[in-house]
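Residue strings, one per chain:
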Amino acid sequence: MHGGLEDTICAIATPIGEGGIGIVRLSGPHALAVASQVVRLRSGDPLSSVPSHTLHLADLVIPTSDKPKEGRVLHHRLPVSGLLDEALVVYMKAPRSYTAEDVVEIQSHGGALVLGLVCKVCIESGARMAEPGEFTKRAFLNGRLDLSQAEAVLDTIRATSSVGLTIAQRQLRGDLAREVEQARTSLLTVLSHVEAGIDFVDEDISFLQRDELVRIVKEACAVVQKLEATAREGRILREGARVVILGCPNVGKSSLLNCLLREERAIVTPIPGTTRDVIEESINLDGVMIHLLDTAGVRETDDIIEQEGIKRTRAAQDEADLLLVVVDGSVPLTSDDRKLLSAARDRKHLVLLNKADLAVTVERDAALAGHLVYVISAKTGLGVEMVKSALRAQLVSEGFETAESVTVTNVRHRDALRLAGESLGQALESVRCGMAGELVSIDVRAAADALGEITGAITTDEILGRIFSEFCIGK
């Protein structure tokens, strides 16, 4: 970001488009001075005199200047009257604001033109346009949020299910940060004792007994492993699960997609190879978002377009969280069916014997042994509700989303935990082998630093830039 905390920033904080109310947010050391040039309270009082955190009716005006700045374009296409809109205005004095800085929020009518003009005159009055995520970044830099909480803000905004929202709110309250920091603090305590022992090695002073050192490192390792174990299901609850519908041509994959969606999304014909590309749609299964991907039927073909569709099917299959392998249950298994069933054995999957409205002839086939099999009819809906329940149960453990324990949902957090776990494992091995304190301290510090990256205690501009660039402007 090109500016620092000494700048006063401005942005539209509400989504683009028409709405009853729109908000322009100012934050920084001169937020009150900038807003005072644009806001005229109906009470006649200056904005600087009003109590913090109180709402006031105001007119929004175009600031006047007797001596325009050189090169400045004066209010291009602004209303001739000098009156922009009426609004409600609130001043939030630092540190009791979202950014922990002086903040002014202007709540005007929600038209794009109005909000754009309000933002324009604020910038002409001394603010600059905020960059993506800059308000939340300032909240982090000013110590109001740690980095995991800042990321939880984005998770809250992007939540697509009630379960994902619940987890985001727990992290926003600091549940993850508290657990991580507790483990990190114990490691830093260990580190101080180990390094003190190194400094006073000739004094024959024991700062930390070997058994105590092992105990503390093991406890930290257990916390890291417990958190890392939640990462897969946590990611699914945060982002949704990718479920790929696989099968040979004409087994009813597109009919199944339509049945699950309860709408005619995919074209269904008796002609094999109708689906040539991957079709993606989403459904919500009791709070868990499922991204369903209907794919081209897998078979040997000389059709170049169909070959490309099958190639995309393979790519989607590799990235799937779960496979729905659809088989035509009314006819014997083909060699292509058997290949798909064999390939799915090492993946999380369900096998669906479709066309039960016609007949089921393959239910006892030996190739189905060891698979979780459901008999369905995508045409009549028979067995589909049972498949939905099984699908959710395969993706999220029973009671996982309602547990009060901390859940890791972020890939960055998962990677940091993995690094911390590896370093702690190496530290334990070094202690058991009687290695010198210097070697033990290297691994313990690496683990503590990895945990510190989660909360932002240890961070870099590159990490911050990557995280906050995902935010929208205004947040």
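No experiment lies behind these values; they were computed from the predicted model shown. (Residues numbered from 1 in each chain as written. Predicted model: local features only at pLDDT ≥ 70, side-chain atom pairs only at ≥ 80, totals over all residues. Heavy atoms only, no water.)

Draft legend 1. The nonpolar core, seen in detail. Ranked by size, the top nonpolar core spans 50 residues in total, and within it L256, I290, L324, L352, L391 and L395 carry the most contacts. No other element matches the six residues that strand β11 (residues 322–328) contributes to this core. Residues within four places of L324 in sequence aside, it is in contact with V243, V244, I245, L246, L256, L350, L352 and L391. The next biggest cluster of nonpolar side chains, apart from the first, holds 32 residues, and it includes V406, V408, L417 and V431. (Core = buried A, V, L, I, M, F, W, Y, C linked by side-chain atoms within 4.5 Å. Buried < 20%, exposed > 50% of the residue type's maximum accessible area, 1.4 Å probe, protein only. Helix = DSSP H or I, 4+ residues; strand = E, 2+ residues; numbered from the N terminus. Contact = heavy atoms within 4.5 Å.)

Draft legend 2. Seen up close, the sheet that holds strand β13 (residues 373–375). Strand order in this open sheet of six strands is β9-β10-β8-β11-β12-β13, and the pairing throughout is mixed. Edge positions in the open sheet fall to β9 (279–285) and β13, since each of these has one partner strand only. Taken over all neighbouring pairs, the strand axes of this sheet differ in orientation by 25 degrees on average, direction set aside. One ladder, built from five bridges, connects strand β8 (residues 241–247) with strand β10 (residues 288–294); its direction is parallel. Bridging across to β10, I245 finds its partner in D294. Contacts from helix α9 (residues 253–261) reach β8, β9, β10, β11 and β12 (349–354), with the element oriented near 155 degrees to β10. (Pairing = 2+ DSSP bridges. Axes fitted to C-alpha atoms, helices over the stretch in contact; angles between N-to-C directions.)

Draft legend 3. Representation of the side chain of D85. For D85, the location among the structural elements is in strand β5 (residues 83–92). Here D85 is buried and forms no salt bridge, its nearest opposite-charge partner R42 lying at an N-O distance of 7.8 Å. A distance of 2.9 Å separates polar atoms of two side chains, one belonging to D85 and the other to H109. Once you skip the residues sitting within four places of it in the chain, D85 turns out to touch A58, D59, L60, S108, H109 and V114. (Lys, Arg positive; Asp, Glu negative; His and termini not counted. Salt bridge = Lys/Arg side-chain N within 4 Å of Asp/Glu carboxyl O. Polar contact = N/O pair within 3.5 Å; in protein donor to acceptor, adjacent residues only side chain to side chain.)

Draft legend 4. Structural view of helix α8 (residues 231–239). Every buried residue of α8 is accounted for by A231, E233, G234, I236 and L237. Considering only its buried residues, α8 is in contact with α5 (162–172), α7 (210–229), β8, β10, α12 (384–395) and α13 (411–432). One or two positions beyond α8, positive phi appears at G240, with a value near 95 degrees.

Draft legend 5. Spatial organisation of a nonpolar patch on the surface. On the surface, L55, L57 and L88 cluster together into a nonpolar patch covering about 240 Å² of accessible area. Among the secondary structure elements, L57 is positioned in strand β4 (residues 55–61). (Patch = residues over 30% accessible without salt bridge, like charges linked within 9 Å, V, L, I, M, F, W, Y side chains within 5 Å. Areas by Shrake-Rupley, 256 points an atom, 1.4 Å probe, with all protein chains shown as cover.)

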